[in-house]
Amino acid sequence: MNKSFYEKTSPENANINSKRIINFINRLEKEEVDMHSILIMRGNKLICEAYYNPFNSNTLHRMFSVTKSVVSMAIGALAEDGVIDLDASITKYFPEYEPEDGFYPYLIETTIRDMLSMTTPHNGTTFDKHSKNNWTESYFTKKPTHRPGTIFSYDTSASHVMAALVEKLTGLSLLDYLRTKGLTKVGFSNESYCITDGCGVSQGGSGMMAYPKDLLLLAKLAIDYGKIDNIQILPEKYLREATSYKAVSYTHLRAHETGRNLVCRLLLEKKKKKNKIQ
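These numbers were taken from a predicted model, which means no experiment stands behind them. (Residues numbered from 1 in each chain as written. Predicted model: local features only at pLDDT ≥ 70, side-chain atom pairs only at ≥ 80, totals over all residues. Heavy atoms only, no water.)

**Quick word on the pattern of salt bridges**
Evaluation of the coordinates by the stated rule reveals eleven salt bridges. The partner of D87 in a salt bridge is R113, and the shortest N-O contact between them spans 2.8 Å. Of this pair, D87 sits in the loop between α2 (66-80) and α3 (105-109) while R113 sits in helix α4 (residues 112-117); the two residues are 26 residues apart in sequence, bridging distant segments of the chain. Across the pair K168 and E96 runs a salt bridge, and its minimum N-O distance is 3.0 Å. Of this pair, K168 sits in helix α6 (residues 156-170) while E96 sits in the loop between α2 and α3, placing them 72 residues apart in sequence. Salt bridges here are not isolated pairs; linked through shared partners, they connect K8, E49 and K213. (Salt bridge = Lys/Arg side-chain N within 4 Å of Asp/Glu carboxyl O. Helix = DSSP H or I, 4+ residues; strand = E, 2+ residues; numbered from the N terminus.)

**Notes on helix α8 (residues 212-223)**
Compared with an ideal rise of 1.5 Å per residue, which puts twelve residues at 16 Å, α8 spans 17 Å between its outermost C-alpha atoms and is within 8% of the ideal. Within α8, the full set of buried residues consists of P212, K213, D214, L216, L217, L218, K220 and L221. Downstream of α8 by one or two residues, Y225 has phi in the positive range, about 55°. (Expected span 1.5 Å × (residues − 1). Buried < 20%, exposed > 50% of the residue type's maximum accessible area, 1.4 Å probe, protein only.)

**Looking at the confidence of the model for the protein**
On average, residues of the protein score 88 in pLDDT, and 87% of them reach the 70 mark or higher. This stretch, residues 247-267, has a pLDDT under 50; its non-local contacts, to residues over four places away or in other chains, come to 20 contacts. Within the model, pLDDT remains below 50 along residues 269-278, and this stretch shows three contacts once partners closer than five positions in the same chain are excluded. (pLDDT = per-residue confidence, 0-100. Contact = heavy atoms within 4.5 Å.)

**Things to note about the layout of surface pockets**
Here the second largest pocket defines a volume of roughly 230 Å³. As for the second largest pocket, its lining consists of H36, S37, I38, L39, L60, H61, R62, M63, P212, L215 and L216. Elements that contribute at least two residues to the lining of the second largest pocket include exactly β2 (37-42), β4 (61-62) and α8. Considering only residue class, the lining of the second largest pocket consists of seven nonpolar, three polar and one charged. (1 Å grid on protein atoms, 1.4 Å probe; cavity = no way out; pocket = protein on both sides within 12 Å on 5 of 7 lines; lining within 4 Å. Points joined across faces, edges and corners; volume = space filled by probe spheres on them. Nonpolar A, V, L, I, M, F, W, Y, C, P; charged D, E, K, R; others polar.)

**A word on the packing of aromatic side chains**
Following the criterion strictly, the structure yields six aromatic pairs and no others. Relative to W135, the ring of F127 has its centre 4.1 Å away and its plane inclined at 5°; by these criteria the two rings are stacked. An identical accessibility class is assigned to F127 and W135; each is buried. Its guanidinium or amino end placed over the ring of Y225, R240 lies 3.9 Å from that ring's centre, counting from NZ or CZ. (Phe/Tyr/Trp six-rings, centres within 6.5 Å; stacked < 30°, edge-to-face > 60°. Lys NZ or Arg CZ within 6 Å of the ring centre and 35° of its normal.)

**Some thoughts on the environment of T141**
Its location among the elements puts T141 in helix α5 (residues 135-141). Under the relative-accessibility criterion, T141 is labelled partly exposed at 39%. Once the C-alpha coordinates of T141 and T126 are considered, the two residues, 15 residues apart in sequence, prove to be 9.0 Å apart.

**Re the packing of α2 against α6**
In a packed pair of helices, the relevant descriptors are the angle between the two axes and the axis-to-axis distance. It is at 9 Å that the axes of α2 and α6 come closest, and there the two elements cross at 40°. Our classification of the angle between α2 and α6 gives oblique. In the packing of α2 onto α6, the handedness of the crossing is left-handed. Contact with α2, carried on its side by K68, V71, A74, I75 and L78, involves T156, S159, M162, A163, L165, V166, L169 and T170 of α6 and no other residues of that element. Residue classes in the contact of α2 with α6 are distributed as nine nonpolar, three polar and one charged. (Axes fitted to C-alpha atoms, helices over the stretch in contact; angles between N-to-C directions. Parallel < 35°, antiparallel > 145°, perpendicular 65-115°, else oblique. Left-handed = near helix turned anticlockwise from the far one by under 90°.)

**Section: the packing of α2 against helix α7 (residues 174-183)**
Where α2 contacts α7, the two axes come as close as 10 Å, and the packing angle between them is 55°. Classified by the interaxial angle, the pair formed by α2 and α7 is oblique. Note on packing geometry: the crossing formed by α2 with α7 is left-handed. Side by side, α2 and α7 meet where V70, V71, M73, A74, A77 and L78 of the first sit next to L174, L175, Y177, L178 and K181 of the second. Residues of the contact of α2 with α7, tallied by class, amount to ten nonpolar, no polar and one charged.

And the structure:
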């Protein structure tokens, strides 16, 4: 790990009371949370680093859905280089998966931006994670359930397709592509990798295997909009947009106006009107 990436020091040197961290760790034990590691950083100061048996700093962990954020970083780099257009249809980049009777209209309307924000036309993951069939292809052959850009739905397959797009356009694995953008330069490990699907594509929704400090580095990159040690690794403009607040989907709320959801919508709209008056 790049030595200038962080400074190991005591919590007090970062204006944090050590007792607070001890209380936090004791609470985790009391609640019987199954911990692997704890890393706490403030600014550039690493003030707590702990590992639970049998894990240590050299244990690779499956980072599951954090992988989705890594995929987004790679997509942002491609967009910055002009390789892709975030507002282009996803079908433009995968013509090989067009059915004989053509893509579904809602899929043609689906942009890369929709894929990143999980406002896709599918109401869930399109592939069976236990299947050896082509996970990417399933996205284009399964019938959509609604118009894209209208409803948020947690769609792991969208992130997988984004990973497939990165690897198709670069000829590199997801993490190797990010290494070429400078991750290795700032200390991202060479040992990290992604589990692949049956077709050899990195599992963009959940497959990253990495060290805890790799995750710390990625978090630092996101917080500082792609910059570490005054080196701009990833595009600042993209990361500012990716980490910004996204508006509430009123379409989604109105589509389910029953009981609690109706109350939720009314409260949100009341707050919105109040803010306008101010």
